[in-house]
Amino acid sequence: MQFTHYPIHSLMEVTARPQLVFVRGEGSWLWDNTGKRYLDFVQGWAVNCLGHCPPVIAERLAEQARRLITPSPSFYNEPSLDLARRIVDNSCFDRVFFTNCGAEANEGAIKLARKWGGRNRGGAYEIITFDGGFHGRTLATMSASGKPQFRDLFEPKVPGFPKAQLNDLDSVAALICDRTVAVMLEPIQGEAGVVPAEDPFLTGLRQLTRERGLLLIVDEIQTGVGRTGTLWGHQHAGIEPDIMTLGKMLGGGVPLAALVAKEEVCCFDHGDQGGTFNGNPLMTAVGCAVMDAVTAPGFLDTVVRRGAYLAAGLQELSSSHNLGEVRGRGLLLALDLRREIGADLVGRALAAGLLLNAPRPGLLRFMPALNVTEAEIDAMLAILGTLLREMVGE
Ligand SMILES: *Cc1c(COP(=O)(O)O)cnc(C)c1O
(Lines give C-alpha, C1' and ligand atoms only; values in the text may rest on other atoms or scores of the structure.)
Protein backbone atom coordinates (compact mmCIF):
# COMPACT_ATOMS: atom_id res chain seq x y z
CA MET A 1 0.00 0.00 0.00
CA GLN A 2 1.13 3.58 -0.65
CA PHE A 3 2.22 5.49 2.44
CA THR A 4 -0.33 8.27 1.86
CA HIS A 5 -3.16 5.75 2.12
CA TYR A 6 -2.42 4.91 5.76
CA PRO A 7 -4.48 6.72 8.45
CA ILE A 8 -1.41 8.06 10.28
CA HIS A 9 -3.37 10.96 11.83
CA SER A 10 -5.35 8.48 13.90
CA LEU A 11 -2.24 7.94 16.02
CA MET A 12 -1.28 10.41 18.70
CA GLU A 13 1.83 12.27 17.59
CA VAL A 14 4.67 11.56 20.04
CA THR A 15 7.73 11.29 17.83
CA ALA A 16 8.97 12.01 14.31
CA ARG A 17 8.62 8.87 12.20
CA PRO A 18 9.89 8.29 8.66
CA GLN A 19 7.29 8.01 5.91
CA LEU A 20 7.14 4.25 5.68
CA VAL A 21 5.24 1.42 7.34
CA PHE A 22 6.92 -1.85 8.24
CA VAL A 23 4.89 -4.87 7.26
CA ARG A 24 7.15 -7.90 7.73
CA GLY A 25 10.30 -9.04 9.49
CA GLU A 26 12.59 -12.05 9.43
CA GLY A 27 15.85 -12.37 11.37
CA SER A 28 17.96 -9.27 10.80
CA TRP A 29 15.68 -8.02 8.00
CA LEU A 30 12.56 -5.85 7.75
CA TRP A 31 10.34 -5.05 4.76
CA ASP A 32 8.29 -1.87 4.33
CA ASN A 33 4.97 -1.19 2.58
CA THR A 34 6.72 -0.80 -0.81
CA GLY A 35 8.56 -4.12 -0.50
CA LYS A 36 11.91 -2.45 0.22
CA ARG A 37 14.21 -4.48 2.47
CA TYR A 38 16.22 -3.11 5.42
CA LEU A 39 19.07 -4.57 7.46
CA ASP A 40 18.10 -3.95 11.09
CA PHE A 41 20.77 -3.01 13.66
CA VAL A 42 18.20 -1.48 16.02
CA GLN A 43 15.94 -4.52 16.48
CA GLY A 44 13.04 -2.76 18.17
CA TRP A 45 15.45 -0.89 20.47
CA ALA A 46 17.55 -3.89 21.58
CA VAL A 47 14.43 -6.01 22.00
CA ASN A 48 14.46 -8.78 19.38
CA CYS A 49 17.30 -10.89 20.76
CA LEU A 50 16.58 -13.70 18.29
CA GLY A 51 15.79 -11.34 15.39
CA HIS A 52 12.41 -10.64 13.82
CA CYS A 53 9.73 -13.32 14.04
CA PRO A 54 11.97 -16.23 15.06
CA PRO A 55 10.12 -19.54 14.58
CA VAL A 56 10.66 -20.58 18.24
CA ILE A 57 8.72 -17.51 19.39
CA ALA A 58 6.05 -17.64 16.67
CA GLU A 59 5.37 -21.30 17.44
CA ARG A 60 5.39 -20.85 21.22
CA LEU A 61 2.94 -17.93 20.92
CA ALA A 62 0.55 -19.84 18.67
CA GLU A 63 0.66 -22.95 20.85
CA GLN A 64 0.10 -21.00 24.08
CA ALA A 65 -2.65 -18.88 22.49
CA ARG A 66 -4.58 -22.07 21.79
CA ARG A 67 -4.00 -23.43 25.33
CA LEU A 68 -4.45 -20.49 27.77
CA ILE A 69 -4.06 -16.73 27.29
CA THR A 70 -4.86 -15.30 30.69
CA PRO A 71 -6.51 -16.74 33.78
CA SER A 72 -6.00 -13.50 35.90
CA PRO A 73 -2.88 -12.72 37.93
CA SER A 74 -4.59 -13.92 41.11
CA PHE A 75 -4.09 -17.53 39.97
CA TYR A 76 -0.90 -19.48 39.23
CA ASN A 77 -0.20 -20.44 35.63
CA GLU A 78 2.44 -22.81 34.27
CA PRO A 79 4.47 -20.54 31.91
CA SER A 80 5.00 -17.84 34.55
CA LEU A 81 6.21 -20.45 37.05
CA ASP A 82 8.49 -21.98 34.41
CA LEU A 83 9.97 -18.61 33.48
CA ALA A 84 10.45 -17.48 37.09
CA ARG A 85 12.32 -20.71 37.79
CA ARG A 86 14.55 -20.22 34.72
CA ILE A 87 15.48 -16.71 35.89
CA VAL A 88 16.07 -17.76 39.51
CA ASP A 89 18.09 -20.86 38.53
CA ASN A 90 20.37 -18.75 36.32
CA SER A 91 20.96 -15.80 38.67
CA CYS A 92 21.80 -14.86 42.27
CA PHE A 93 18.15 -13.90 42.88
CA ASP A 94 15.28 -15.77 44.53
CA ARG A 95 11.96 -14.35 43.37
CA VAL A 96 10.41 -12.73 40.29
CA PHE A 97 7.47 -10.39 39.69
CA PHE A 98 6.50 -10.08 36.02
CA THR A 99 5.46 -6.78 34.45
CA ASN A 100 4.48 -5.58 30.98
CA CYS A 101 7.31 -3.12 30.36
CA GLY A 102 10.60 -1.95 31.76
CA ALA A 103 9.30 1.23 33.37
CA GLU A 104 6.73 -0.82 35.28
CA ALA A 105 9.47 -3.18 36.48
CA ASN A 106 11.49 -0.19 37.71
CA GLU A 107 8.39 1.27 39.41
CA GLY A 108 8.13 -2.07 41.19
CA ALA A 109 11.80 -1.91 42.20
CA ILE A 110 11.31 1.60 43.57
CA LYS A 111 8.20 0.51 45.51
CA LEU A 112 9.96 -2.57 46.86
CA ALA A 113 12.96 -0.50 48.02
CA ARG A 114 10.68 2.08 49.66
CA LYS A 115 8.70 -0.65 51.39
CA TRP A 116 11.93 -2.24 52.60
CA GLY A 117 13.15 1.17 53.83
CA GLY A 118 9.88 1.64 55.70
CA ARG A 119 10.38 -1.69 57.43
CA ASN A 120 14.13 -1.75 57.98
CA ARG A 121 15.55 1.77 57.81
CA GLY A 122 13.12 3.97 59.72
CA GLY A 123 11.18 5.10 56.67
CA ALA A 124 14.19 5.84 54.46
CA TYR A 125 13.00 6.29 50.88
CA GLU A 126 15.65 8.09 48.82
CA ILE A 127 17.18 6.16 45.94
CA ILE A 128 20.44 7.57 44.62
CA THR A 129 20.45 7.46 40.80
CA PHE A 130 22.86 8.87 38.20
CA ASP A 131 23.23 11.74 35.78
CA GLY A 132 22.67 10.36 32.30
CA GLY A 133 20.70 7.37 33.59
CA PHE A 134 17.48 6.23 31.94
CA HIS A 135 14.86 4.21 33.78
CA GLY A 136 11.62 4.74 31.85
CA ARG A 137 8.78 7.15 31.12
CA THR A 138 6.39 6.87 34.06
CA LEU A 139 6.45 9.79 36.50
CA ALA A 140 8.64 8.01 39.08
CA THR A 141 11.02 6.48 36.52
CA MET A 142 11.39 9.83 34.71
CA SER A 143 12.25 11.34 38.10
CA ALA A 144 14.78 8.56 38.68
CA SER A 145 16.30 9.17 35.23
CA GLY A 146 19.12 11.66 34.81
CA LYS A 147 18.24 12.52 31.22
CA PRO A 148 18.69 16.29 30.69
CA GLN A 149 15.60 16.47 28.40
CA PHE A 150 13.38 15.20 31.26
CA ARG A 151 14.53 17.83 33.75
CA ASP A 152 11.71 20.35 33.29
CA LEU A 153 8.99 18.01 32.02
CA PHE A 154 5.75 17.12 33.81
CA GLU A 155 6.51 18.98 37.02
CA PRO A 156 6.33 18.36 39.90
CA LYS A 157 8.66 15.38 39.83
CA VAL A 158 8.35 12.44 42.21
CA PRO A 159 10.79 13.36 45.02
CA GLY A 160 13.53 11.14 46.39
CA PHE A 161 16.03 10.59 43.57
CA PRO A 162 19.25 12.52 44.25
CA LYS A 163 21.74 12.23 41.37
CA ALA A 164 25.35 11.09 41.60
CA GLN A 165 28.01 10.85 38.86
CA LEU A 166 28.65 7.53 37.19
CA ASN A 167 32.06 5.99 37.99
CA ASP A 168 32.57 8.43 40.89
CA LEU A 169 32.14 6.60 44.18
CA ASP A 170 32.73 9.73 46.25
CA SER A 171 29.77 11.42 44.57
CA VAL A 172 27.57 8.54 45.76
CA ALA A 173 29.01 8.52 49.29
CA ALA A 174 28.40 12.28 49.55
CA LEU A 175 24.64 11.81 48.96
CA ILE A 176 24.09 9.05 51.53
CA CYS A 177 22.05 10.19 54.55
CA ASP A 178 19.35 8.90 56.94
CA ARG A 179 16.79 9.08 54.15
CA THR A 180 18.80 6.87 51.75
CA VAL A 181 17.50 3.36 51.11
CA ALA A 182 19.15 2.29 47.83
CA VAL A 183 21.39 3.06 44.87
CA MET A 184 20.07 2.28 41.39
CA LEU A 185 21.96 2.20 38.09
CA GLU A 186 22.37 0.60 34.68
CA PRO A 187 25.51 -1.56 34.30
CA ILE A 188 25.91 0.25 30.98
CA GLN A 189 23.98 3.51 30.50
CA GLY A 190 22.24 2.74 27.21
CA GLU A 191 20.25 5.82 26.24
CA ALA A 192 23.06 8.10 27.46
CA GLY A 193 25.22 6.64 24.69
CA VAL A 194 26.52 3.25 25.87
CA VAL A 195 28.48 4.54 28.87
CA PRO A 196 29.71 1.60 30.96
CA ALA A 197 29.79 1.62 34.75
CA GLU A 198 33.38 0.40 35.22
CA ASP A 199 33.87 -2.93 37.00
CA PRO A 200 35.87 -1.41 39.91
CA PHE A 201 33.12 1.20 40.34
CA LEU A 202 30.46 -1.53 40.55
CA THR A 203 32.48 -3.58 43.06
CA GLY A 204 33.12 -0.40 45.07
CA LEU A 205 29.43 0.47 44.95
CA ARG A 206 28.50 -3.01 46.16
CA GLN A 207 30.94 -2.68 49.05
CA LEU A 208 29.75 0.83 49.93
CA THR A 209 26.05 -0.07 49.84
CA ARG A 210 26.67 -3.17 51.93
CA GLU A 211 28.66 -1.22 54.54
CA ARG A 212 25.96 1.44 54.78
CA GLY A 213 23.06 -1.04 54.84
CA LEU A 214 21.63 0.09 51.49
CA LEU A 215 20.12 -1.89 48.63
CA LEU A 216 21.83 -2.07 45.24
CA ILE A 217 19.39 -2.08 42.32
CA VAL A 218 20.60 -2.81 38.78
CA ASP A 219 18.41 -1.78 35.87
CA GLU A 220 19.32 -4.50 33.35
CA ILE A 221 16.46 -3.74 30.99
CA GLN A 222 18.97 -3.05 28.21
CA THR A 223 21.96 -5.12 29.43
CA GLY A 224 20.21 -8.28 30.66
CA VAL A 225 19.42 -11.55 28.89
CA GLY A 226 22.77 -11.92 27.12
CA ARG A 227 23.18 -8.52 25.47
CA THR A 228 26.67 -7.90 26.88
CA GLY A 229 27.93 -11.48 26.42
CA THR A 230 27.10 -12.65 29.94
CA LEU A 231 23.52 -13.52 30.88
CA TRP A 232 23.33 -10.43 33.15
CA GLY A 233 25.46 -7.31 32.77
CA HIS A 234 26.45 -7.14 36.45
CA GLN A 235 28.23 -10.50 36.16
CA HIS A 236 31.22 -8.83 34.46
CA ALA A 237 31.98 -7.12 37.77
CA GLY A 238 31.30 -10.29 39.77
CA ILE A 239 28.82 -8.56 42.09
CA GLU A 240 25.50 -9.71 43.55
CA PRO A 241 22.94 -6.89 43.58
CA ASP A 242 19.80 -7.05 45.76
CA ILE A 243 17.33 -6.20 43.03
CA MET A 244 17.46 -6.44 39.22
CA THR A 245 14.98 -5.34 36.58
CA LEU A 246 14.65 -6.92 33.15
CA GLY A 247 12.71 -5.97 30.03
CA LYS A 248 13.39 -5.53 26.35
CA MET A 249 15.04 -8.83 25.33
CA LEU A 250 13.29 -10.94 27.98
CA GLY A 251 10.25 -11.11 25.69
CA GLY A 252 12.25 -11.31 22.44
CA GLY A 253 9.83 -8.77 20.92
CA VAL A 254 6.65 -9.20 22.97
CA PRO A 255 5.82 -6.98 25.98
CA LEU A 256 7.38 -8.71 28.97
CA ALA A 257 9.55 -7.41 31.80
CA ALA A 258 10.41 -8.45 35.34
CA LEU A 259 11.37 -7.31 38.82
CA VAL A 260 13.80 -9.81 40.33
CA ALA A 261 14.99 -9.77 43.96
CA LYS A 262 16.83 -11.56 46.73
CA GLU A 263 14.64 -13.28 49.29
CA GLU A 264 15.59 -10.86 52.12
CA VAL A 265 14.25 -7.91 50.13
CA CYS A 266 10.90 -9.41 49.12
CA CYS A 267 8.61 -7.59 51.57
CA PHE A 268 5.47 -6.68 49.62
CA ASP A 269 2.28 -7.29 51.57
CA HIS A 270 -0.74 -8.60 49.72
CA GLY A 271 -2.25 -5.77 47.73
CA ASP A 272 0.95 -3.68 47.49
CA GLN A 273 1.78 -4.77 43.97
CA GLY A 274 -0.08 -6.27 41.03
CA GLY A 275 -1.47 -5.61 37.58
CA THR A 276 -4.08 -7.06 35.26
CA PHE A 277 -1.75 -8.55 32.65
CA ASN A 278 1.24 -9.31 34.87
CA GLY A 279 2.71 -12.76 34.39
CA ASN A 280 0.15 -13.78 31.80
CA PRO A 281 0.88 -17.18 30.22
CA LEU A 282 0.99 -15.86 26.64
CA MET A 283 3.97 -13.56 27.26
CA THR A 284 5.77 -15.65 29.86
CA ALA A 285 5.64 -18.68 27.54
CA VAL A 286 7.60 -16.58 25.04
CA GLY A 287 10.01 -15.59 27.84
CA CYS A 288 10.69 -19.31 28.44
CA ALA A 289 11.55 -19.79 24.76
CA VAL A 290 13.90 -16.78 24.92
CA MET A 291 15.63 -17.97 28.10
CA ASP A 292 16.06 -21.47 26.64
CA ALA A 293 17.66 -20.03 23.49
CA VAL A 294 19.98 -17.64 25.31
CA THR A 295 21.12 -20.18 27.92
CA ALA A 296 21.65 -22.96 25.34
CA PRO A 297 25.26 -24.22 25.30
CA GLY A 298 27.48 -21.98 23.19
CA PHE A 299 24.93 -19.20 22.58
CA LEU A 300 26.61 -16.58 24.77
CA ASP A 301 30.07 -17.56 23.44
CA THR A 302 28.77 -16.67 19.99
CA VAL A 303 27.47 -13.31 21.28
CA VAL A 304 30.96 -12.57 22.63
CA ARG A 305 32.58 -13.55 19.30
CA ARG A 306 30.10 -11.55 17.19
CA GLY A 307 30.50 -8.58 19.52
CA ALA A 308 34.28 -8.68 19.09
CA TYR A 309 33.85 -9.02 15.32
CA LEU A 310 31.51 -6.01 15.18
CA ALA A 311 33.76 -3.95 17.48
CA ALA A 312 36.80 -4.73 15.30
CA GLY A 313 34.94 -3.66 12.15
CA LEU A 314 33.79 -0.43 13.80
CA GLN A 315 37.34 0.21 15.02
CA GLU A 316 38.57 -0.13 11.46
CA LEU A 317 35.98 2.39 10.23
CA SER A 318 36.95 4.71 13.06
CA SER A 319 40.61 4.57 12.09
CA SER A 320 40.05 5.07 8.38
CA HIS A 321 37.62 8.00 8.87
CA ASN A 322 39.32 9.61 11.85
CA LEU A 323 36.36 9.00 14.20
CA GLY A 324 36.38 8.47 17.99
CA GLU A 325 36.24 5.49 20.30
CA VAL A 326 34.27 2.27 19.99
CA ARG A 327 32.82 1.32 23.37
CA GLY A 328 30.38 -1.08 25.01
CA ARG A 329 30.29 -4.80 25.61
CA GLY A 330 29.05 -7.83 23.72
CA LEU A 331 26.44 -6.68 21.20
CA LEU A 332 25.71 -3.32 22.83
CA LEU A 333 28.27 -1.09 21.13
CA ALA A 334 28.68 2.56 20.22
CA LEU A 335 30.84 4.46 17.76
CA ASP A 336 31.79 8.05 18.63
CA LEU A 337 31.45 10.02 15.38
CA ARG A 338 33.34 13.05 16.77
CA ARG A 339 30.93 15.33 14.91
CA GLU A 340 27.19 15.91 15.12
CA ILE A 341 26.17 13.96 12.04
CA GLY A 342 24.21 11.19 13.80
CA ALA A 343 20.71 12.17 12.65
CA ASP A 344 21.85 12.84 9.07
CA LEU A 345 23.71 9.51 8.98
CA VAL A 346 20.69 7.59 10.33
CA GLY A 347 18.50 9.21 7.63
CA ARG A 348 20.91 8.32 4.83
CA ALA A 349 21.32 4.79 6.18
CA LEU A 350 17.53 4.34 6.12
CA ALA A 351 17.47 5.43 2.48
CA ALA A 352 20.26 2.92 1.80
CA GLY A 353 18.28 0.12 3.48
CA LEU A 354 19.96 0.04 6.90
CA LEU A 355 18.42 0.81 10.30
CA LEU A 356 20.81 2.52 12.70
CA ASN A 357 20.28 4.47 15.93
CA ALA A 358 21.91 7.69 17.11
CA PRO A 359 20.98 8.18 20.79
CA ARG A 360 23.11 11.34 20.80
CA PRO A 361 23.90 13.74 17.92
CA GLY A 362 27.49 12.54 17.60
CA LEU A 363 27.12 8.85 18.39
CA LEU A 364 25.84 5.65 16.79
CA ARG A 365 24.57 2.75 18.92
CA PHE A 366 24.52 -0.82 17.61
CA MET A 367 22.10 -3.35 19.10
CA PRO A 368 21.58 -6.10 16.52
CA ALA A 369 19.89 -9.43 17.16
CA LEU A 370 22.11 -11.64 19.35
CA ASN A 371 22.14 -14.22 16.55
CA VAL A 372 23.27 -11.71 13.90
CA THR A 373 25.67 -13.35 11.43
CA GLU A 374 29.16 -12.22 10.40
CA ALA A 375 27.83 -11.75 6.86
CA GLU A 376 25.14 -9.37 8.17
CA ILE A 377 27.74 -7.47 10.20
CA ASP A 378 29.89 -7.21 7.05
CA ALA A 379 26.89 -5.92 5.07
CA MET A 380 26.16 -3.27 7.71
CA LEU A 381 29.82 -2.17 7.86
CA ALA A 382 29.95 -1.88 4.05
CA ILE A 383 26.92 0.45 3.92
CA LEU A 384 28.16 2.47 6.90
CA GLY A 385 31.62 2.73 5.30
CA THR A 386 30.15 4.07 2.06
CA LEU A 387 28.08 6.66 3.93
CA LEU A 388 31.04 7.76 6.04
CA ARG A 389 33.16 8.16 2.90
CA GLU A 390 30.47 10.46 1.45
CA MET A 391 29.95 12.42 4.65
CA VAL A 392 33.37 12.77 6.26
CA GLY A 393 35.81 11.55 3.60
CA GLU A 394 38.71 9.17 4.13
C1 LIG B 1 14.18 0.77 27.67
C2 LIG B 1 14.64 0.99 29.07
C3 LIG B 1 13.74 1.24 30.12
C4 LIG B 1 12.25 1.41 29.89
O5 LIG B 1 11.66 0.25 29.43
P6 LIG B 1 10.19 0.35 28.75
O7 LIG B 1 9.87 -1.07 28.41
O8 LIG B 1 10.34 1.25 27.57
O9 LIG B 1 9.28 0.91 29.77
C10 LIG B 1 14.24 1.38 31.39
N11 LIG B 1 15.56 1.26 31.64
C12 LIG B 1 16.46 1.01 30.67
C13 LIG B 1 17.89 0.88 31.01
C14 LIG B 1 16.02 0.89 29.33
O15 LIG B 1 16.92 0.67 28.37
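Keep in mind it's a predicted model, so treat the numbers as computed, not measured.

Engineer: Could you clarify how one ought to interpret helix α7 (residues 199-211) in this entry?
Structural biologist: Residues spaced three or four apart along an α-helix face the same direction, because each turn holds 3.6 residues. Here α7 is 13 residues long and its end C-alpha atoms lie 18 Å apart, about the 18 Å a rise of 1.5 Å per residue gives. Those residues of α7 that sit buried are Phe201, Leu202, Gly204, Leu205, Arg206, Leu208 and Thr209. The secondary structure elements touched by the buried residues of α7 are β5 (126-130), α6 (169-173), β7 (180-185) and β10 (215-219). A positive backbone phi angle near 70° is found at Gly213, which sits one or two residues after α7.

Engineer: Just to check I follow, could you spell out the sheet that holds strand β6 (residues 163-164) for this structure?
Structural biologist: Strand order across the open sheet formed by seven strands is β4-β12-β11-β10-β7-β5-β6, with mixed pairing between neighbours. Every interior strand has two partners, whereas the edge strands, β4 (95-99) and β6, have only one. Bridging between β5 and β7 involves three bridges; their strand directions are parallel. Bridge pairing in β7 places Glu126 opposite Thr180. In the packing of helix α4 (residues 102-120) onto the sheet, contacts are made with β4, β5, β7, β10, β11 (243-246) and β12 (257-261), and the angle to β12 comes to roughly 25°.

Engineer: How should I be thinking about the pairing of strand β1 (residues 22-26) in this particular structure?
Structural biologist: Here is the key point about a regular strand: its side chains alternate between the two faces of the sheet. Here β1 runs beside strand β2 (residues 29-32); their pairing, made up of four bridges, is antiparallel. Bridging across to β2, Glu26 finds its partner in Trp29. Linkage of β1 to β2, two consecutive antiparallel strands, is achieved through a turn of two residues, within which Gly27 is found at a positive phi near 60°.

Engineer: Sorry, what's going on with the site of the ligand here?
Structural biologist: Residues in contact with the ligand, as listed here, are Cys101, Gly102, Ala103, Asn106, Phe134, His135, Gly136, Glu186, Asp219, Ile221, Gln222 and Lys248. In the complex, the protein chains occlude 81% of the 380 Å² of accessible area that the ligand would expose alone. Split by residue class, the shell around the ligand holds four nonpolar, five polar and three charged.

Engineer: Is there a simple way to think about helix α8 (residues 281-294) in this case?
Structural biologist: Compared with an ideal rise of 1.5 Å per residue, which puts 14 residues at 20 Å, α8 spans 20 Å between its outermost C-alpha atoms and is within 8% of the ideal. Most of α8 is tucked away, with 13 of its 14 residues classed as buried. N-capping of α8 is provided by Asn280, with a side-chain oxygen placed 3.2 Å from the backbone N of Leu282.

What counts as what
- Starting from 1, residues in each chain are numbered consecutively following that chain's sequence as written.
- Totals for whole chains, interfaces and linings use all residues, but because this is a predicted model, local features are given only for residues with pLDDT of at least 70 and pairs of side-chain atoms are given and counted only at 80 or more.
- Heavy atoms throughout the structure, all of them, feed into the side-chain values; hydrogens and water do not.
- What counts as a helix is a DSSP run of H or I of at least four residues, what counts as a strand is a run of E of at least two, and both are numbered from the N terminus.
- Working rule for helices: expected span equals 1.5 Å times residues minus one.
- Burial classes follow relative accessibility: with a 1.4 Å probe on protein chains only, a residue under 20% of its type's maximum area counts as buried, one over 50% as exposed, and anything between as partly exposed.
- Note on definitions: a residue-residue contact is assigned when non-hydrogen atoms from the two residues lie within 4.5 Å.
- At least two DSSP bridges between two strands are required for those strands to pair.
- Angles here are taken between N-to-C directions and fall from 0 to 180 degrees, while the axes themselves are lines fitted to C-alpha atoms, restricted in helices to the stretch in contact.
- Only a single heavy atom is needed: when it lies within 4 Å of a molecule or strand, its residue is near that molecule or strand.
- Shrake-Rupley sampling with a 1.4 Å probe provides the accessible areas, and residues are treated as covered by the protein chains on show and by no other component.
- In the scheme used here, Gly and all other residues not listed as nonpolar or charged are polar, with Ala, Val, Leu, Ile, Met, Phe, Trp, Tyr, Cys and Pro taken as nonpolar and Asp, Glu, Lys and Arg as charged.
- Any pair of nitrogen or oxygen atoms within 3.5 Å is treated as a polar contact; in protein, a donor-acceptor pairing is required on top of that, and neighbouring residues in sequence qualify only through side-chain atoms on both sides.

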